[in-house]
Amino acid sequence: MDKIIHATAQNGSVRIIAADTTALVNEAVRNHNTMPTASAAYGRMLTAGALMGSMLKGKQDSVTVQINGGGISGGVLVTGREDGRVKGYIVNPDADLPVNEKGKLDVSGIIGIDGKFTVITDLGMKEPYVSSVPIFTGEIAEDLAYYYTVSEQTPSAVALGVLVDVDGSIMNAGGFIIQMMPGADEMLADLLMYRLEEIPSITTLQRDGNTIVEIIEYIFDGMDLNILSEGTPALYCDCSKEKVEKALISIGKEDLKQIYDDNASEELICHFCNKKYDFSHEDIGRLLDELK
């Protein structure tokens, strides 16, 4: 089962948010029928969204993360909630490239680096808070760490991993965000950086049978680790026929009438969950009547 945890270490000097997102990423890539490199990019972003969303306080709060560097992916967008629920989509699910020089899926190649990494935080105020930074590497984890360091002045280490099997399914997915709290000892930051550079990737640790709790215990061995909470991240979508109707109406009365006069029907697909909504000729007529 997927799990998301919040923890502290070294007497509260370090904040940790970590998650195993294997099941939700598997569900998402099946829904969108993504190619392997697209699956890796999409899965990393979904994991980032789940981690970031779980850092929010209010049940109605949300954080939307978007990356688009001009690559063939067309960009990826995800929205996370405080309970670990996340939804998202990759514009081009067929985006794929040969492995890079390290033998890894070329996520940076399909994302591109000529663009922005944008975070939109909606806390229910009049306007959401929007902040963007230039794309740092296109590998997503490094871009998120760069965002925290530059935009929020919070030194952070971020790992996001997705291991794609030969049949396109997801073997493992997960990630963590580790942040130094104000006043933390610089020597502690150096020690953590050394440990993170020496450990295997998060998906390697998962593949070897380690749970997300065990991975964090391994990283913070001897550092007063304190698990504060555990939850279950999950894929969600709040689309409905009523919401899709509003989108159809938004094309305008003239275009809607043209569809009706052509005796046509319409099929609209939710970007987030790929669910299809069919609108018959009679449905189009009803919407036109409501616009009168």
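Summary of the structure given here.

Conventions we followed
- Residues numbered from 1 in each chain as written.
- Predicted model: local features only at pLDDT ≥ 70, side-chain atom pairs only at ≥ 80, totals over all residues.
- Heavy atoms only, no water.
- Helix = DSSP H or I, 4+ residues; strand = E, 2+ residues; numbered from the N terminus.
- Rg over C-alpha atoms; globule rule 2.2 N^0.38 Å.
- Buried < 20%, exposed > 50% of the residue type's maximum accessible area, 1.4 Å probe, protein only.
- Contact = heavy atoms within 4.5 Å.
- Areas by Shrake-Rupley, 256 points an atom, 1.4 Å probe, with all protein chains shown as cover.
- Lys, Arg positive; Asp, Glu negative; His and termini not counted.
- Charge placed at Lys NZ, Arg CZ, Asp CG, Glu CD.
- Pairing = 2+ DSSP bridges.
- Core = buried A, V, L, I, M, F, W, Y, C linked by side-chain atoms within 4.5 Å.
- Axes fitted to C-alpha atoms, helices over the stretch in contact; angles between N-to-C directions.

This paragraph deals with the overall build of the protein chain. Helix and strand counts for the protein chain stand at 10 helices and 13 strands. Taken over C-alpha atoms, the radius of gyration comes to 21 Å for the protein chain, in line with the 19 Å a tight globule of 292 residues would show. Dimensions of the protein chain, computed from C-alpha atoms along their principal axes, come out at roughly 70 × 45 × 35 Å. Within the span of the protein chain, comprising 292 residues, buried residues form 47% of the whole. Sequence separation of at least 24 residues holds for 63% of the intrachain contacts in the protein chain that already meet a minimum separation of 6. By element, 50% of the accessible surface of the protein chain is carried by carbon and sulfur atoms, the whole surface being about 14600 Å². Counting 24 positive and 44 negative side-chain charges, the protein chain places the centres of these two groups 6 Å from one another.

The buried fraction of strand S9 (residues 170-180) amounts to 10 of the 11 residues, a majority that puts the element mostly inside the structure. As paired elements, strand S2 (residues 14-20) and S9 share 7 bridges and run antiparallel to each other. Looking at S9, one finds that Ala18 is bridged to Phe176. Pairing between strand S8 (residues 156-164) and S9: 9 bridges, direction antiparallel. Bridge pairing in S9 links Val158 to Ile177. Here S8 hands over to S9 after 5 residues, with Gly168 in that stretch at a positive phi of 90°.

Among the secondary structure elements, Asn274 is positioned in the loop between strand S12 (266-269) and strand S13 (276-279). As a C-alpha pair, Asn274 and His32 span 242 residues in sequence and 6.6 Å in three-dimensional space. In this view, Asn274 contacts Asn31, His32 and Ile269; residues no more than four positions away in its chain are not counted.

Moving on, we get to the nonpolar core. Core analysis: the largest hydrophobic core is formed by 47 residues, its most contacted members being Phe117, Leu144 and Ile177. Considering every element that reaches this core, the biggest residue donor is helix H2 (residues 36-53), with 10 residues. If we ignore the near neighbours within four places in the chain, the residues touching Phe117 are Met45, Val65, Gln66, Ile67, Ser131, Ser132, Val133, Ile135, Asp143, Leu144 and Tyr147. Ala7, Leu205, Ile215 and Ile216 belong to the second-largest nonpolar core, a separate cluster that totals 24 residues.

This part is about the sheet that holds strand S10 (residues 226-231). The 5 strands are arranged S8-S9-S2-S1-S10 in an open sheet whose pairing can be described as antiparallel. Pairing within the sheet leaves two strands with one partner each, and these edge strands are S8 and S10. In this sheet, neighbouring strand axes are inclined to one another by 10° on average, regardless of whether the strands run parallel or antiparallel. With 5 bridges connecting them, strand S1 (residues 3-9) and S10 associate as antiparallel partners. Each bridged residue has a counterpart across the sheet, and for Ile4 the counterpart in S10 is Gly231. The sheet strands contacting helix H4 (residues 141-151) are S8 and S9, and the helix crosses S8 at an angle near 160°.

Strand order in the open sheet made by the 6 strands is S7-S6-S3-S4-S5-S11, with mixed pairing throughout. The open sheet has two edge strands, strand S7 (129-134) and strand S11 (234-235), and neither has a second partner. Where strand S3 (residues 62-68) and strand S6 (residues 116-122) come together, 7 bridges link them in antiparallel fashion. Bridge pairing in S6 places Val65 opposite Val119.

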